[in-house]
Amino acid sequence: MHVSRPTLRRALADLPPYVPGARSPVGAAAFKLSSNENPYPPLPSVMAAIADAAVDVNRYPDMYATELTEAIAQDLGVAPDQVVVGCGSVAVLGHVLTAFCEAGDEVVFPWRSFEAYPIAVTLAGAQGVRVPVTDDGRLDLPAMAAAVTDRTRVVLVCTPNNPTGPAVRADELEQFLDAVPEHVLVVLDEAYVEFVRDPAAADGLAVFAARRNVVLLRTFSKAYGLAGLRVGFAVARARHAAGIRAASTPFGVSHVAQLAALASLRARDELLARVDAIVQERTRMLAALRAQGWTVPDSEANFVWFGVGDHATSFAERCSRGGVIVRAFAGDGVRVSVGEPEATDLLLEVTAQHLAR
Ligand SMILES: *Cc1c(COP(=O)(O)O)cnc(C)c1O
């Protein structure tokens with residue numbers, strides 16, 4: 001007998017899973033370096049804002065996150081109508097794609113890069129076009145420009161690239177943008193922008209000011225340490241921003257998250273001092289690994305990439321036994337977030353032994 005039942009969209013069958021970074025087992029003494037989180041706890045001022053906001057959770061939040069939107073705009077020197085806040089920049093990326101892509105349109109993105117990209121593109125009904133990163137983990141922007149066709153609607157540029165680490169340089173981004181037709185939207189995903197120290201790196205805000213087809217994505221999850229509250233945003237031309245806002249989940253950013261993000265902007269200097277400390281720790285980690293004989297790409301973010309290929313899973317297991325939980329991308333490599341100095345020390349013990357074997 002034929003059983004009729006609701007069918008899921010075919011696209012879901014091919015959806016790659018989003019694998020979250022492993023969490024440490026309750027009670028186990030292990031450092032969690034698997035999700036590029038900020039190792040520092042929230043500042044007292046941010047905790048106070050969260051507690052204050054908690055009293056109002058019987059009400060819907062401000063749908064347009066007006067105060068936060070204005071504060072972000074002022075902070076970046078853009079207009080409030082050019083900022084769209086959402087429930088993490090992953091959600092905002094989804095809204096951007098929904099706002100710009102018709103079914104079957106192509107979206108070009110680097111690979112390996114952020115694992116949310118193929119999922120978001122597929123869910124938007126678009127067709128993903130992956131362009132391999134170079135052997136040293138850099139985006140291959142000439143190849144990405146060459147991958148643009150008549151059907152391309154959006155290109156995703158992850159800088160610094162998660163999980164490999166390097167940032168796109170200003171000169172190469174200029175050449176890329178000159179090569180890409182102006183009707184193609186270029187999304188610069190700058191989730192780790194606060195960790196960038198290379199003076200040659202692209203300045204997203206300057207590029208946004210100069211180019212009509214550029215959108216920036218930023219987040220409070222990494223440098224600002226609010227991963228658990230889910231706040232990210234897009235910076236876009238007012239007309240684009242209006243479309244992205246129209247495609248957004250209503251009331252997507254909670255009142256607690258809005259007030260915590262506002263408090264974090266007010267505590268910017270204190271939080272950016274922590275970012276400086278993480279950057280110093282990154283420098284120490286990279287130098288020590290190279291001194292041990294490892295070949296690791298430069299990182300402008302809060303993580304380091306080991307391109308160990310088929311050894312990814314076994315290397316990650318060894319790290320885990322050594323007390324650091326890392327993120328393996330099977331067959332490709334291992335990403336280790338920069339956290340506490342004690343965590344770096346444990347990692348370096350494992351990596352020293354790994355090479356010795
Ligand atoms: C972590 C990350 C984000 C931010 O995600 P949220 O949803 O804002 O937590 C965006 N893009 C990349 C490349 C990331 O690594």
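Preceding block: the structure.
Below is a short write-up of the structure. The written sequence of each chain sets the order in which its residues are numbered from 1. Note on the predicted model: pLDDT of at least 70 is required for a residue's local features to be given, and 80 or more for side-chain atom pairs to be given and counted; whole-chain, interface and lining totals, by contrast, use all residues. Heavy atoms throughout the structure, all of them, feed into the side-chain values; hydrogens and water do not.

The alternating pattern of strand 8 (residues 232-235) places Gly232 and Ala234 on one face and Phe233 and Val235 on the opposite face, and all of these are buried. A pair of strands is treated as paired once DSSP finds two or more bridges between them. Think of it this way: any DSSP run of H or I at least four residues long counts as a helix, any run of E at least two long counts as a strand, and we number them from the N terminus. Relative to strand 8, strand 2 (residues 83-86) runs antiparallel, the two sharing four bridges. When the bridges of strand 8 are listed, Val85 appears paired with Phe233. By the bridge criterion, four bridges tie strand 7 (residues 214-219) to strand 8 in an arrangement that is antiparallel. Residue Leu217 lies in a different strand from strand 8, and its bridge partner there is Ala234. A 1.4 Å probe rolled over the protein chains alone gives each residue an accessible area, and that area as a share of the maximum for its type sets the label: buried under 20%, exposed over 50%, partly exposed in between.

Turning our eyes to something else, we now look at the site of the ligand. What makes a residue near a molecule or strand is one non-hydrogen atom of that residue sitting within 4 Å of it. In the region of the ligand, 13 residues are neighbours, and Tyr192, Thr219, Ser221, Lys222 and Arg230 sit closest. Polar contacts here mean pairs of N or O atoms no more than 3.5 Å apart (in protein, one a potential hydrogen donor and the other a potential acceptor; neighbouring residues in sequence count only if both atoms are side-chain atoms). Val90 is positioned with one of its backbone polar atoms (N or O) 3.1 Å from an oxygen atom of the ligand. Asp189 is positioned such that a nitrogen or oxygen atom in its side chain is 2.8 Å from a nitrogen atom of the ligand. The Shrake-Rupley method, run with a 1.4 Å probe, gives the accessible areas here. Residue values count only the displayed protein chains as cover. In the complex, 94% of the free accessible area of the ligand, which totals 390 Å², lies under the protein chains. Here a cavity denotes a set of grid points, spaced 1 Å apart and computed over the protein atoms alone, in which a 1.4 Å probe fits but from which it cannot get out, and a pocket denotes an open set meeting protein on both sides within 12 Å along at least five of seven lines; residues with an atom within 4 Å of a point are reported as lining. The way we define it, a molecule is inside a pocket or cavity when more than half of its atoms are within 2 Å of that pocket's grid points. Among the detected pockets, the ligand sits in the largest pocket. Tallied by class, the residues present in the shell around the ligand amount to five nonpolar, five polar and three charged. Residue classes follow a fixed rule: Ala, Val, Leu, Ile, Met, Phe, Trp, Tyr, Cys and Pro count as nonpolar, while Asp, Glu, Lys and Arg count as charged, and any other residue, Gly among them, counts as polar.

Bringing the layout of surface pockets into the picture now. If a probe the size of a water molecule is rolled over the atoms, the empty space left behind becomes visible. Here the largest pocket defines a volume of roughly 600 Å³. Tyr18, Ser35, Phe114, Lys222 and Arg230 are, among the 33 residues lining the largest pocket, the residues nearest its centre. Among the elements that line the lining of the largest pocket, the one with the most residues is helix 3 (residues 89-100), at three residues. A class-by-class count of the residues in the lining of the largest pocket yields 14 nonpolar, 10 polar and nine charged. Note that the domain bounds were set by an automatic or database domain assignment. Taken domain by domain, the lining of the largest pocket gets at least three of its residues from each of domain 1 (19-36 + 269-356) and domain 2 (44-266). Grid points are joined across faces, edges and corners, and a volume is the space filled by probe spheres set on the points.

Our next topic: empty space enclosed by the protein. Summed over all chains, the structure comprises two cavities of 30 Å³ or more. Estimated volume of the largest cavity: approximately 60 Å³. Around the largest cavity sit Asn38, Tyr40, Pro41, Pro42, Leu43, Val46, Tyr224, Gly225, Leu226, Ser264, Leu271 and Arg274, which together line it. Around the second largest cavity, the lining residues are Arg138, Leu139, Pro166, Ala167, Val168 and Glu172. Counted by class, the lining of the second largest cavity contains four nonpolar, no polar and two charged residues.

The strand order across the open sheet formed by seven strands is 2-8-7-6-5-3-4, and the pairing between neighbours is mixed. If you trace the sheet from one side to the other, it starts and ends with strand 2 and strand 4 (127-132), each paired once. Pairwise comparison of adjacent strand axes, ignoring direction, gives a mean angle of 20 degrees for this sheet. Set on the sheet, helix 2 (residues 66-76) makes contact with strand 2, strand 7 and strand 8; between it and strand 2 the angle comes to about 130 degrees. Note on definitions: angles span 0 to 180 degrees between N-to-C directions of axes, and those axes are lines fitted to C-alpha atoms, for helices only across the stretch in contact. Here a residue-residue contact requires only that any non-hydrogen atoms of the pair lie within 4.5 Å.

By secondary structure assignment, the location of Arg282 is in helix 10 (residues 268-292). Its relative accessible area of 4% is what places Arg282 among the buried residues. Beyond its immediate chain neighbours, meaning those up to four positions away, Arg282 contacts Phe195, Arg197, Ser299, Glu300, Ala301 and Val338.

A few words now on the nonpolar core. By convention a nonpolar core is built from buried Ala, Val, Leu, Ile, Met, Phe, Trp, Tyr and Cys residues, the set being connected through side-chain atoms within 4.5 Å. Counting 82 residues, the largest nonpolar core has Leu68, Val157, Phe176, Phe220 and Phe306 as the members making the most contacts within it. Looking at this core, the element that brings in the most residues is helix 10, giving seven residues. Each of domain 1 (19-36 + 269-356) and domain 2 (44-266) accounts for three or more of the residues forming this core. Core analysis: the next-biggest nonpolar cluster, separate from the first, contains 28 residues, Ala120, Val121, Cys158 and Ala241 among them.

The strand order across the open sheet formed by three strands is 9-12-11, and the pairing between neighbours is antiparallel. The strands lining the two open edges of the sheet, one partner per strand, are strand 9 (303-306) and strand 11 (327-329). Shown here is a sheet whose adjacent strand axes are inclined to one another by a mean of 20 degrees, direction ignored.

Along helix 2, the residues classified as buried are Leu68, Thr69, Ala71, Ile72, Ala73 and Leu76. If you follow the buried residues of helix 2, they end up packed against strand 2, helix 7 (204-210), strand 7, strand 8 and helix 9 (255-266). Two residues or fewer after helix 2 comes Gly77, characterised by a positive phi angle close to 75 degrees.

In short, geometric facts, not functional conclusions.
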